[in-house]
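Coordinate inspection notes
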Amino acid sequence: MAKTVIAGNWKMYKTQAETLEFLKPFVEQIAETPDDREIVLCVPFTDLSVLSNALHGSRIRIGAQNVHWEANGAYTGEISAEMLTELGVRYVVVGHSERRQYFGETDETVNRRLKAAQAAGLTPILCVGETKQQRDAGETQTHIAQQLKAGLVGVNLSNLVIAYEPIWAIGTGDTCESKEANRVIGWIRDQLNGEDLPIQYGGSVKPELIDEIMAQPEINGVLVGGASLDPIGFARIVNYQ
Ligand SMILES: O=C(CO)COP(=O)(O)O
């Protein structure tokens, strides 16, 4: 059975002070969380050192939201894998739809980032998913198949998490029906020859929906945006029944 990975993606939210405010109640609420659930906070770069200092020895894993493929160089605004691992970062989100949509991320740059992350010992969380238009046109599977095919060339499937994030469900409150998310995730696993890697669902995950989502047999975790910003709400998600 693939590992269960519950990750928060804070996007561009929370200053260092707000990060510290989040931690105290969150850490209290996860004291009894079963050990076999991996808990990850993917935070802005400026919050990484705060987490790394505050979480020393904690079970909470630190994640970043981007990584460059080169070790260093003239790449203004980018960050290297070594800069992340030096801070104790274990996970990194790659290919989020917001980066594909606003920052020119392509399947090719996604592929380079995935390989560089793995080479440095990071576990990438690769995001894939279709637009509303693609879904309505019946192109969900063709689109995701292309993202997987081009994104995963030379990528080690045994150190990877995939997040299925239908774009129409992100930040809209329009959560993908859990049975449908389960179906697409099962299909993704089939595309990877049944490789037993964690495949998450992401898109308007809320505390009140988590038990039903996690009851689905193919879904190995969630990637949570807005609802991961609230310590009590995100702890409820981590503590799903
Ligand atoms: O994009 C997401 C996580 O990466 C999902 O965001 P929301 O949970 O805010 O819809």
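No experiment lies behind these values; they were computed from the predicted model shown. (Residues numbered from 1 in each chain as written. Predicted model: local features only at pLDDT ≥ 70, side-chain atom pairs only at ≥ 80, totals over all residues. Heavy atoms only, no water.)

Digging into the state of the cysteines
Cysteine pairs can be linked by a disulfide, which is a covalent bond between their two sulfur atoms. Applying the stated rule across the entire model yields zero disulfides. Not part of a disulfide, Cys127 finds its nearest cysteine sulfur in Cys42, a span of 8.8 Å. Assessed through its relative accessible area of 3%, Cys127 is described here as buried. Sulfur of Cys176: no disulfide; nearest cysteine sulfur belongs to Cys127 and is 15 Å away. (Disulfide = S-S within 2.5 Å. Buried < 20%, exposed > 50% of the residue type's maximum accessible area, 1.4 Å probe, protein only.)

Observations regarding the site of the ligand
Taken together, the residues surrounding the ligand are Asn9, Lys11, His96, Glu165, Ala169, Ile170, Gly171, Gly203, Ser204, Leu223, Gly225 and Gly226. The contact in question runs from an oxygen atom of the ligand to an N or O atom on the side chain of Lys11, over 2.8 Å. Between the ligand and Gly171, the relevant distance is 2.6 Å, taken from an oxygen atom to a main-chain nitrogen or oxygen of the residue. Calculation on the ligand without its partners gives an accessible area of 310 Å², and the protein chains cover 96% of this total. (Near = heavy atom within 4 Å. Polar contact = N/O pair within 3.5 Å; in protein donor to acceptor, adjacent residues only side chain to side chain. Areas by Shrake-Rupley, 256 points an atom, 1.4 Å probe, with all protein chains shown as cover.)

Details of the side chain of Arg100
Mapped onto the elements, Arg100 comes out in helix H4 (residues 97-102). For Arg100, a relative accessible area of 18% translates into the label buried. In this structure the side chain of Arg100 is engaged in a polar contact, spanning 2.9 Å, whose partner is the backbone oxygen of Cys127. Excluding its chain neighbours within four sequence positions, the residues that come into contact with Arg100 are Gly95, Glu105, Asp107, Val110, Leu126, Cys127, Val128 and Gln147. (Helix = DSSP H or I, 4+ residues; strand = E, 2+ residues; numbered from the N terminus. Contact = heavy atoms within 4.5 Å.)

Topic: the nonpolar core
In this structure, Ile188 and Tyr201 are the most contacted members of the largest nonpolar core, which totals 62 residues. In terms of residue count, helix H8 (residues 178-191) provides more of this core than any other element does, five residues in total. In contact with Tyr201, not counting residues within four places along its chain, are Tyr164, Pro166, Ala169, Thr175, Cys176, Ala181, Ile185, Ile213, Ile219, Gly221, Val222 and Leu223. Residues Val40, Tyr91, Cys127 and Val161 belong to the second largest nonpolar core, which totals 11 residues. (Core = buried A, V, L, I, M, F, W, Y, C linked by side-chain atoms within 4.5 Å.)

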